[in-house]
Amino acid sequence: MRSFEYGDREIGHRELGFAVASVMVGIGILTLPKQLAGATVAADGWISILIGGLITVFFVYIVAKLGARFPGSSLLDYTSAITYRPIAVVLCGFFSLHFLMFTAYESRMLSMIAKQYLFVRTPTEALNLVFLLVVVYAVAGSSVGLLRLNMLFFPFVLTIALAVQFMNIGFIDAENYFPVFESSWLQIGEGSLHSAFSFLGFEILLVYMAYANQPKKVPKAAMLGAGVTMAFYMVVYLFAIGVFGTASAAEIQFPTIEIAKEVEVPGEIFERFESIFFTVWIMTVFNTTSMAYDVALHTLRTLLPKIKRIHMIFVLTPLIYLVGMIPDDYIELEALGGILAYSSIAVGMFIPLILYIMAVTRGVGQR
Amino acid sequence: MEMKEDVNVIYRSVQENMDYIEAKLGKPNDLILRTIRYGGPGEKVGLVCIEGLSDSKLLNDKVIKPLQLEASQTRRETFADSAEPMLDYLEQSLLSVTEIKRSGDMNEVIIAVLSGETAIFEEGTSSALIIGSRGWTSRSIEEPISESLVRGARDGFIEDLRTNITHLRRRIRDPKLRLDAYTIGTRSKKDMTLVYVEGIIHPDLLKEVKRRLATIDIDEAEESGTIEQWIEDSFLSPFPQFMNTERPDRVAAAILQGKFAIFLDGTPFVLIAPLTFGASMQSPDDYYERFAIGTFIRILRYGAAFFAVFLPALYIALLEYHHGMIPSNLAFSIASTREGMPFPVIVEAILMELTMELLREAGLRLPKPLGQTVGIVGGIIIGEAAVSAGIVSPIMVIIVAITAVSSFAIPSFSMSISFRILRFAVMGAAAVFGFFGIVLVYIMINIHIVRLKSFGIPYSTMFAPMFNKDMKDTVLRAPLTMMKKRPKYLQTIDKQKMSKGRKP
C-alpha cells in the first residue's frame, strides 16, 4: 500500500528534532563530567557546556539550512552541485567511513561498560556481537523506523535519567560549587572542546534532510533538539559536581552512571540502581549507533547504487565488529574516540560551513 | 436422468428447470420442488427452495396460499400487456413478501436457493423470481463470552450476519453508514459485509481495503480469521493487525472513529482495522466509566502488559546475573527458599510457565464445569505439590501466578497470546545475557513495532509518529468533553466529534 500519507520515505520535522537530540546523547555524556572536572575549577564547567552547546546549536542550524536548500537530494547530489563530483565522492566516502568507525566505537564502548556494570564473566566479544546484531536488525529496515524508535526511547530515557539526577538532590554539597569563575579562559576553552565533542553526531542531518517532508521547519526543530540536550547535559554535570565534588568527579570513569549508585530507592526495592540506569541507557546508545550505521549505509548507497543495502550490511558488519575489537582497553578505545571527535568536527562543522557559504555565494539550491 | 451441461439460461418449461436444479444439486432430499397450478392446464408455476434454510411459515402464508386461493383471472389480466404477465402479477401484486427480485441467470438462482431464498419459475417464461425467504434457526443473542464488561451493553454478535448488521444499524442511524456486500469463497459463497461510514473514513484507506478484499481467492472462509490472515500486512508478526470483537458497541465506536469493520456470515467475530498498539490496549468500558477510572485502569493495563512479558525474565536475570541488586534481606529469603533446588532458575521458570500455558489450554478445551476443576487442580494442587516436593521454589510460583494474572488483564485475547509467546523469547534472552539480553529483546520488539503496519498505519502510531492531540486517548483517557476530535492519525474527512465551543 502506498502507505496512506505516512510515506515510509518521508520524515517529519519533529522526528528530526528527536533524532538530533537522541544521536547526541550517547556515550559522550557518560564521561563529560569527568573531563570537565579535570579541565575546569569547581563548577565552572557549565560555562564550557554553554559555549560548546551554543557552538553546536549554530552548526546544527548551518547543517539543517544546508539540507533545506536542497530538498530531496542526497548528500552526494548536493555536494556535487555545490563543488565538483570528484570532491563530492571523496567527501561522501570520508563521511561514511567516519560513521562506520563511529558505529564500531559506540558498540565497543557500550559492551565494555556493560561488562563493567552488568557482567563479570561474560566476554566483551559476545556482548559486542549481540548488540551489533540487534543494530543490524534495526538498519535492515527503513530509516523512518529508526527515527520513530527515537521518539519511543528518547523521552523514556530522558525521564529516567532526570529522575535519577533529582533523586540525588539530598546528596548535593553546595560547597562543591564554589569558588565560581576561577577558571582561566584557557581552561574554559579546553572544557568547551570536550563538551563540543560530546554534542557531536548531529551530522546525521546531512543525510536525513533529504527525506524531510517540510525541510523549512527542520532547522528550528533540530536546534530545539540540540538545546534540550544542552540543558540535559548541564543538569547532569551540575549534579555530578554537586554530589562528587570536582576532585572525585575527575577520577571517576563514568560519573553519570556512578551517580545512580548513590540513589536510595524508597523502600529499598533495589540496590545498585546504576545497573538498572545503565540498562535503560543502552536504549539511547542503541539509537545513536543504529542511526550512525544507517547514515553510513545511505551515503555508501549513493556512491555504489548497484550494491543492495542488505549485501552491504552483510559485508560491513563483520568489519565493524573487527575494528571495534581492535582496541585492548578503555585508553586505546578513547584514543579512537579522540580521532573520531576530530573527524566529526570536520564532517559536522567545517565541511557543512564551507559548503553552505559556497552554496549561498554561488546561489545554488533553493533559498 | 442424464446430467446436462452447465447452462446460464432459464428454460421456458417449469419441469425442465426443476429437473436441471435437482440434477445439479445431486438430488438432495432437503430440496423442495413444488408445482402449483393456478388456472387451466399449462398455467402453472414451480417453486424451489431448501428445507431448513427457508422460512416455511412465510412461504405457506404469503406465497403458496395466495397462489392457490387468490390468483384470480381478472386481476391477472391487469398485467396482460406486459411481456411476462404472470411473474409481473406475482411480483407486484400477489405475493406479500418484502424482498423479491427478478433473475434470468440460472447460476444466480441456484446460489440464491442454496442461501435460503425461494425461486419461482413460470411456465413459458425465461426468467425467475427470487423471494427473500431466508430463515433458519440460530443461536439467541447472548452476552459476549470473550469480552465481558461490568458496565456496558450486554448484547453480543451471533453467527447470523443479518442479525449482526441489525445490531449495528440500531446503534448508528446515520444515512451515510455504508454496507458493501461481498461473496467470499469460490465454493462456500459466504456473505461478507464491509462496513464504514462515508464522510468519515479516509478514501485511500477504503480503496486499499477494497483492493485487498478483491484479491481473496479461497475455497471457503471458515471464520473471520481466514479473511484476517489473507489481507493482513505482515503474517510473520507476532502481533495482531486486526482487532476481533464480539461487541457491537465496539464496532460502532470504531467505525465512527474512521475505521472499517468486516462482518462475515457464520462467525460472531467481527474484524476491525486499522489497529495500533495503543488501540489494542483499550477496552470499551474505559469510555463508559468516568475519566479518572478509565485512566487508572489503562495505566494498570500497561503495567500488566509489562509484567506479562518481562516479569519471569527479570526474575531470572536478577537471580542468575545480578544478585547484587536484590536487597540483602530479600536475597536471604530467596536464597533460603531456593536451597536444595535441583534446577537452575531458567529451567524452573520455563517448566512452570509451560505448565501454566498447558493448564490454560486444557481449561479451554474441556467442557465448562470441568474447565474450572482443571484450574483448581492445576493452580493449587500442582503448585502446592511442586513446592513441597522441592522441584520449584515458592517465589517462582508467585512470579508465574502474577504473570498469568497480568496476561488475563489484557483486553484483547489475540494481543494476550502475542505477549505470551514473546515472554518465552525474553526469558531465553535473560538466561543468556541477563538485563543486557532483556533490553536488547525489548529494543527488538520495538524495532518490529515501529516497522509493522496495519493498513498503512504504523503500529506504533500515537507514540511515534506522535500526534499530540491523540495523546488524550492513549495511556490517558481525557474527560469526554475534552475529546472533541476524532483521532488525527486516521486522517478522517470529518474531523470534529463534537460541536466547537459548546459546554454542558
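Draft legend 1. Representation of the overall build of chain A in the model. A tally of regular secondary structure across chain A gives 14 helices and 0 strands. Secondary structure elements of chain A, listed N to C terminal, follow the sequence α-α-α-α-α-α-α-α-α-α-α-α-α-α. Relative to a compact globule of 367 residues, whose C-alpha radius of gyration would be 21 Å, chain A shows 20 Å and is just as compact. With the principal axes as the frame, chain A shows a C-alpha extent of 55 × 45 × 40 Å. Relative to its full complement of 367 residues, chain A shows a buried share of 60%. Restricting the contact set of chain A to residue pairs at least 6 apart, pairs at least 24 apart contribute 85%. With the model as given, the accessible surface of chain A reaches about 14500 Å², and the carbon-plus-sulfur share is 68%. Here chain A contributes 22 positively and 25 negatively charged side chains, and the mean placements of these two sets differ by 19 Å.

Draft legend 2. Region of interest: the pairing of strand E1 (residues 31–37) of chain B. With 7 bridges connecting them, E1 of chain B and strand E2 (residues 44–50) of chain B associate as antiparallel partners. Directly across from Arg-37 of chain B, in E2 of chain B, lies its bridge partner Lys-44 of chain B.

Draft legend 3. Here's a closer look at the sheet that holds strand E3 (residues 100–103) of chain B. Residue and element names in this part refer to chain B. Spatial strand order, E1-E2-E4-E5-E3: 5 strands in an open sheet with antiparallel pairing. If you trace the sheet from one side to the other, it starts and ends with E1 and E3, each paired once. The mean angle between the axes of side-by-side strands here comes to 25°, regardless of whether they run parallel or antiparallel. Examined bridge by bridge, E2 and strand E4 (residues 118–122) share 4 bridges and lie antiparallel to one another. The residue bridging Gly-46 from the neighbouring strand is Phe-121, located in E4. Running at roughly 15° to E2, helix H1 (residues 14–24) makes contact with E1, E2 and E4 of the sheet. The sheet contacts of helix H2 (residues 56–70) involve E1, E2, E4 and strand E5 (128–131), and relative to E1 the element is tilted by about 30°.

Draft legend 4. Structural view of helix H4 (residues 75–82) of chain A. Counted residue by residue, H4 of chain A has 6 buried out of 8 residues, so it is predominantly covered. Within H4 of chain A, burial applies to Leu-75, Leu-76, Tyr-78, Thr-79, Ser-80 and Ile-82 of chain A.

Draft legend 5. Local environment of a positive patch on the surface. Taken together, the side chains of Arg-14 of chain A together with Lys-469, Lys-472, Lys-485, Lys-488, Lys-495 and Lys-500 of chain B define a basic patch exposed on the protein surface. Structurally, Lys-472 of chain B can be placed in the segment after strand E12 (457–458). By relative accessible area, which is 31% here, Lys-472 of chain B ends up partly exposed.

Draft legend 6. Structural context of the sheet that holds strand E8 (residues 243–245) of chain B. Residues and elements named next belong to chain B. The sheet built from 5 strands is open, its strands ordered E6-E7-E9-E10-E8 with antiparallel pairing. Single-partner strands in this sheet number two, and they are strand E6 (177–184) and E8. Averaged over all adjacent pairs, the angle separating strand axes in this sheet is 25°, with direction ignored. Here E6 runs beside strand E7 (residues 190–197); their pairing, made up of 8 bridges, is antiparallel. In the sheet register, Ile-184 faces E7, and the bridge partner there is Lys-190.

Draft legend 7. Spotlight on the interface of chain B and chain A. Counting from both sides, the interface comprises 41 residues of chain B and, opposite them, 40 residues of chain A. Carbon and sulfur atoms make up 71% of the area that chain B and chain A hide from each other, which totals about 3700 Å². A per-residue breakdown of the area chain B buries against chain A is headed by Met-325, Phe-436 and Arg-451 of chain B, which together make up 18% of the total. Put simply, chain B and chain A have 0 salt bridges between them. If you look at where chain B meets chain A, you find 3 residue pairs in polar contact (both at pLDDT 80 or more). When contributions to the side of chain B that touches chain A are tallied by element, the ones reaching two or more residues are helix H7 (203–214), helix H17 (413–451) and E12 of chain B.

Draft legend 8. How the structure looks around a nonpolar patch on the surface. Residue and element names in this part refer to chain A. A grouping of Trp-46, Leu-50, Leu-54, Phe-178, Val-180 and Phe-181 is seen on the molecular surface, where their side chains present a nonpolar patch of about 600 Å² in accessible area. Assignment of secondary structure puts Phe-178 in the loop between helix H7 (143–167) and helix H8 (185–199). With relative accessibility at 55%, the residue Phe-178 sits in the exposed group.

Draft legend 9. Here's a closer look at the confidence of the model for chain B. All names here are of chain B. Chain-level statistics for chain B give a pLDDT mean of 88 and a share of 97% at 70 or above. At the low end of the mean pLDDT range in chain B sits helix H3 (residues 73–77), at 70; at the high end sits strand E9 (residues 260–264), at 96. Across the interface, the model reports ipTM at 0.93; the global pTM reads 0.90.

Draft legend 10. A look at the side chain of Ser-54 of chain B. With respect to the element layout, Ser-54 of chain B can be found in the loop between E2 and H2. Sequence-distant contacts of Ser-54 of chain B, defined by excluding residues within four places in its chain, comprise Cys-49, Leu-59, Gly-116, Glu-117, Thr-118, Ser-133 and Gly-135 of chain B.

Calculation rules
- Residues numbered from 1 in each chain as written.
- Chains lettered and ligands numbered in written order.
- Predicted model: local features only at pLDDT ≥ 70, side-chain atom pairs only at ≥ 80, totals over all residues.
- Heavy atoms only, no water.
- Helix = DSSP H or I, 4+ residues; strand = E, 2+ residues; numbered from the N terminus.
- Rg over C-alpha atoms; globule rule 2.2 N^0.38 Å.
- Buried < 20%, exposed > 50% of the residue type's maximum accessible area, 1.4 Å probe, protein only.
- Contact = heavy atoms within 4.5 Å.
- Areas by Shrake-Rupley, 256 points an atom, 1.4 Å probe, with all protein chains shown as cover.
- Lys, Arg positive; Asp, Glu negative; His and termini not counted.
- Charge placed at Lys NZ, Arg CZ, Asp CG, Glu CD.
- Pairing = 2+ DSSP bridges.
- Axes fitted to C-alpha atoms, helices over the stretch in contact; angles between N-to-C directions.
- Patch = residues over 30% accessible without salt bridge, like charges linked within 9 Å, V, L, I, M, F, W, Y side chains within 5 Å.
- Salt bridge = Lys/Arg side-chain N within 4 Å of Asp/Glu carboxyl O.
- Buried area = accessible area lost by both parts, 1.4 Å probe.
- Polar contact = N/O pair within 3.5 Å; in protein donor to acceptor, adjacent residues only side chain to side chain.
- pLDDT = per-residue confidence, 0-100.

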